[in-house]
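Survey of secondary and tertiary structure
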Amino acid sequence: MRSESKRYLILAGVVALICVLAAPAECDINKNLRTPELNSRLNELADDDNVYLMTIWPREEELTRYRIDLSMLPPAIVEHAGSWVRRILKTKWLPTEIETHLIVMKDWIRRERRVFPDRIAFGRTVDALILEFSRGGYNFQIQEDGNNLGVLVFPVKPNRAAPSIKEYITGSISKFLNVPPSKIGGIEYTLRHSQLGDDGKIYYGRMWCEWDEKKNSNFDDIKLRAWWNRMSVCTDGNFVFLSISEDLPNPNLRPAARNYTTEHHPRF
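In short, a report on the structure. (Residues numbered from 1 in each chain as written. Predicted model: local features only at pLDDT ≥ 70, side-chain atom pairs only at ≥ 80, totals over all residues. Heavy atoms only, no water.)

**A short note on the sheet that holds strand 10 (residues 230-235)**
- In spatial order, the strands read 1-2-5-6-7-11-10-9-8; together these nine strands make up an open sheet with antiparallel pairing. A strand with exactly one partner marks an edge of an open sheet, and here the two such strands are strand 1 (67-68) and strand 8 (187-196).
- Pairing between strand 10 and strand 11 (residues 240-245): five bridges, direction antiparallel. Note on strand 11: the bridge partner recorded for Thr235 is Val240. (Pairing = 2+ DSSP bridges. Helix = DSSP H or I, 4+ residues; strand = E, 2+ residues; numbered from the N terminus.)

**Remarks on the nonpolar core**
- Of all hydrophobic cores here, the largest spans 42 residues; its most connected members are Ile173, Leu177, Trp227 and Met231.
- It is helix 4 (residues 75-88) that provides the largest number of residues to this core, a total of six residues.
- Listed in part, the 16 residues of the second largest apolar core include Leu38, Val51, Phe154 and Leu196. (Core = buried A, V, L, I, M, F, W, Y, C linked by side-chain atoms within 4.5 Å. Buried < 20%, exposed > 50% of the residue type's maximum accessible area, 1.4 Å probe, protein only.)

**What about the pairing of strand 11?**
- Along strand 11, six of the six residues are buried, which leaves the element largely enclosed by surrounding structure.
- In this sheet, strand 11 lies alongside strand 7 (residues 148-155) in antiparallel orientation, the contact comprising six bridges. When the sheet's bridge partners are listed, Asn148 is paired in strand 11 with Ser245.
- Hairpin connection from strand 10 to strand 11: four residues lie between these consecutive antiparallel strands, with Gly237 at a positive phi of about 90 degrees.

Encoded structure:
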């Protein structure tokens, strides 16, 4: 058993080294950790809610088509992305000089508008900065589009089945994110789930902490919301995905109509 674990860790280290040495945009360090069925379910979730598009790393052809050089961006955009990554993730999980590792995706068509028998999946085009790295036995993929920051964490060595999916998500939040420790005990969830394989499930929904969506729905409440009050979450008990709104706290926030078209307002 020890020899198998040792070989597994050596292999994981080699893969991580290759990812560091190779062009980051061509790697996708979690590619072999996702089953075809999991990829399919994540795409289905993204059809219903744009935020889950951030669980999906761009295909090679997308990287070729939409990637531009980091030097073409205004420094303020790069600083904004690096600042949000540092605000959300604990320092121990972060590489040094985050900004130099960012991959820039310009006019990235994440999804075309599609019509299904029971719904419409509206188009989504973004200007985003993305990043991937390995640290402490975990693979991280981060995507930041100026509105949300999505963090996908895959353990290099698969976890055992979690006895409580809510406890697993809470433990992951406590482990990876800078949520104030005093707030961890107040986290609640509204989750749904669907079948994943013969004996697995994928859970998705919202995390709430000291926030009631019904009671705190007016503008004065929303504009003062802290980033850790509300997150979108997704997990199968192994990987975990957490998406945080970058719009808050923002005293200048104004309600906006939801954009159901492929209309794109360039960020850079």
